[in-house]
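Results of the structural survey
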Amino acid sequence: MRGIVWLKIAAVYFVLGTGLGIYMGATDDHVLFPVHAHLNLLGWVSLALIGLIYQQFPALAGTHLARIQFWVHNLALPPAMLALACYLRGNQSLGPILGITSAAIGVAVVLFAVNLFRNLK
Ligand code: HEM
Ligand code: HEM
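A few points on the structure.

1. Observations regarding helix H2 (residues 33-56)
Helix length check: H2 (24 residues) gives 32 Å between terminal C-alpha atoms against 34 Å at 1.5 Å per residue, within 8%. When the local axis directions of H2 are compared, the greatest deviation, roughly 25°, occurs at Ser-46. All buried positions along H2 are accounted for by Pro-34, Val-35, Leu-39, Asn-40, Gly-43, Leu-47, Ala-48, Ile-50, Gly-51 and Tyr-54. Considering only its buried residues, H2 is in contact with helix H1 (3-27), helix H3 (58-61), helix H4 (64-88) and helix H5 (95-119).

2. Section: the packing of H2 against H5
At a minimum axis separation of 13 Å, H2 and H5 run at an interaxial angle of 20°. Overall, the two elements H2 and H5 adopt an arrangement that is roughly parallel. Where H2 crosses over H5, the two elements pack in a sense that is left-handed. Contact with H2, carried on its side by Leu-42, Ile-50, Ile-53 and Tyr-54, involves Ile-105, Phe-112, Asn-115 and Leu-116 of H5 and no other residues of that element. Residues belonging to the contact of H2 with H5 are distributed by class as follows: seven nonpolar, one polar and no charged.

Conventions used here
Residues numbered from 1 in each chain as written. Chains lettered and ligands numbered in written order. Predicted model: local features only at pLDDT ≥ 70, side-chain atom pairs only at ≥ 80, totals over all residues. Heavy atoms only, no water. Helix = DSSP H or I, 4+ residues; strand = E, 2+ residues; numbered from the N terminus. Expected span 1.5 Å × (residues − 1). Bend = angle between axes of the 7 residues up to and from the residue. Buried < 20%, exposed > 50% of the residue type's maximum accessible area, 1.4 Å probe, protein only. Contact = heavy atoms within 4.5 Å. Axes fitted to C-alpha atoms, helices over the stretch in contact; angles between N-to-C directions. Parallel < 35°, antiparallel > 145°, perpendicular 65-115°, else oblique. Left-handed = near helix turned anticlockwise from the far one by under 90°. Nonpolar A, V, L, I, M, F, W, Y, C, P; charged D, E, K, R; others polar.

Shown next, in the form of structure tokens:
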């Protein structure tokens, strides 16, 4: 798992995150600003930074930990953002999904940190 795939997914979040920012500015409806912030920060910025780190240090990118981290982060983030958007629009029933997916992203972050400490030489 090379950094390039992280960077390509990051670019998709950049388009979505700034797209939502432009939509919020254009409509003067800022209710979804936490979705915008986290699409940009957990999507664009975090994925791009991880991708750049994995490109710079390929020994980190090929590990089992990195593969699990990739799938956990990338499978949890889209439902987390959808659940957050629904929550902010008043649908409280998706709170548990938001909690579980947020915790999963937290796990992915810990896996990244463990991978870095174990394998960065
Ligand atoms: C075309 C690009 C962008 C537009 C039009 C835009 C627009 C906005 C708007 C309208 C808000 C809501 C402000 C408020 O209600 O207080 C906002 C908040 C925010 N944006 Fe963006 N944004 C853009 C790009 C970005 C990018 C690239 C990032 C991060 C890398 C970012 C991070 C944030 C954050 C963290 C907040 C929340 C700030 C707070 O806590 O008050 N934005 N943005
Ligand atoms: C699983 C990971 C994360 C969770 C569960 C989380 C959760 C939260 C929560 C609950 C808030 C307060 C929202 C509010 O009061 O409306 C918040 C705000 C914020 N977080 Fe995160 N966060 C996460 C990751 C990150 C990361 C990685 C960054 C930056 C790289 C970040 C940047 C921010 C910023 C700038 C704000 C203020 C803007 C806003 O309210 O949306 N967060 N986050």
